[in-house]
Amino acid sequence: QVQIVESGGGLVQPGGSLRLSCAASGSIFSIYVMGWYRQAPGKQRELVADITSGGNINYADSVKGRFTISRDNAKNTVYLQMNSLKPEDTAVYYCNVDLLSTKDWKRFGSWGQGTQVTVSS
């Protein structure tokens, strides 16, 4: 069994900052890509940023220059530092971990439960 646990969401004023964390644990042999997605009310879930095990990074155009993704491979953890937050960043943020499980030796993406980020004055 694999557990994906996110933390760090909350309410912040426009221009403020938040840091999200996502830790993967359980029957994991290897982790490939770790990513953050978000879903605003009435909208589809979209990729915010992802990072490969080798450190290659991809950002959505809407967050470039404001958000920074990083990972600690020893801790199976990925972070999302969000600066200069805007009201349009308000959404539920989900972590996705692309991994190889030792339970059945299958590769799949596992989702966290989501954490709410609200940017409002």
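The residue count restarts for each chain, going from 1 along the sequence in the order it is written. Since the coordinates come from a predicted model, pLDDT governs what is reported: local features require at least 70, and pairs of side-chain atoms require 80 or more to be given and counted, while whole-chain, interface and lining totals use all residues. The side-chain quantities take in all heavy atoms of the structure and omit both hydrogens and water.

J.: Residues and numbers for the state of the cysteines, please.
T.: Throughout this description, disulfide means a covalent bond between two cysteine sulfur atoms. Only a pair of cysteine sulfur atoms within 2.5 Å qualifies as a disulfide here. This model, assessed by the stated rule, comprises 1 disulfide. What pairs with Cys-22 in a disulfide is Cys-95, and their sulfur atoms sit 2.1 Å apart. Measuring the twist about the S-S bond at about -75°, one finds the Cys-22-Cys-95 disulfide to be left-handed. Of this pair, Cys-22 sits in strand β3 (residues 18-26) while Cys-95 sits in strand β9 (residues 91-101), and the two are 73 residues apart along the sequence. Helix and strand assignments come from DSSP, with helices taken as H or I runs of at least 4 residues and strands as E runs of at least 2, each series counted from the N terminus.

J.: With reference to specific residues and values, describe the environment of Ser-30.
T.: Mapped onto the elements, Ser-30 comes out in strand β4 (residues 28-39). Using a relative accessible area of 23% as the deciding quantity, one classes Ser-30 as partly exposed. With 71 residues separating them in the primary sequence, Ser-30 and Ser-101 have C-alpha atoms 7.3 Å apart. Only heavy atoms enter the contact rule, under which two residues are in contact if any of them lie within 4.5 Å. What Ser-30 contacts, discounting residues up to four positions off in sequence, is Asp-98, Leu-99 and Leu-100. For the exposure calls, accessible area comes from a 1.4 Å probe over protein chains only, and a residue counts as buried if that area is under 20% of its type's maximum, exposed if over 50%, partly exposed in between.

J.: Describe the side chain of Arg-71, with residues and values.
T.: Its place among the elements puts Arg-71 in strand β7 (residues 67-72). For the buried Arg-71, no salt bridge exists, and the shortest N-O distance to an oppositely charged side chain is 8.2 Å, to Asp-72. At a separation of 3.0 Å, a polar atom in the side chain of Arg-71 contacts the main-chain carbonyl oxygen of Ile-51. Throughout this description, a polar contact denotes any pair of N or O atoms lying within 3.5 Å of each other; where both atoms belong to protein, one of them has to be capable of donating a hydrogen while the other can accept it, and for residues adjacent in sequence the pair is counted only when both atoms sit in side chains. A polar atom in the side chain of Arg-71 sits 2.6 Å from the side chain of Asn-73. If we skip the residues at most four places from it in the chain, Arg-71 touches Ile-31, Tyr-32, Val-33, Met-34, Ile-51, Thr-52, Ser-53, Thr-77 and Val-78. Under the counting rule used here, the positive set is Lys and Arg, the negative set is Asp and Glu, and His together with the chain ends is not counted. In the sections that follow, a salt bridge refers to a side-chain nitrogen of Lys or Arg positioned within 4 Å of a carboxyl oxygen of Asp or Glu.

J.: Talk me through unusual backbone geometry; I want residue IDs and the actual numbers.
T.: Here Asn-76, not a glycine, exhibits a phi torsion of approximately 50°, which is positive. Structurally, Asn-76 is set in the loop between β7 and β8 (77-82). Phi angles above zero are rare outside glycine, and Ser-84 is one such case at about 50°.

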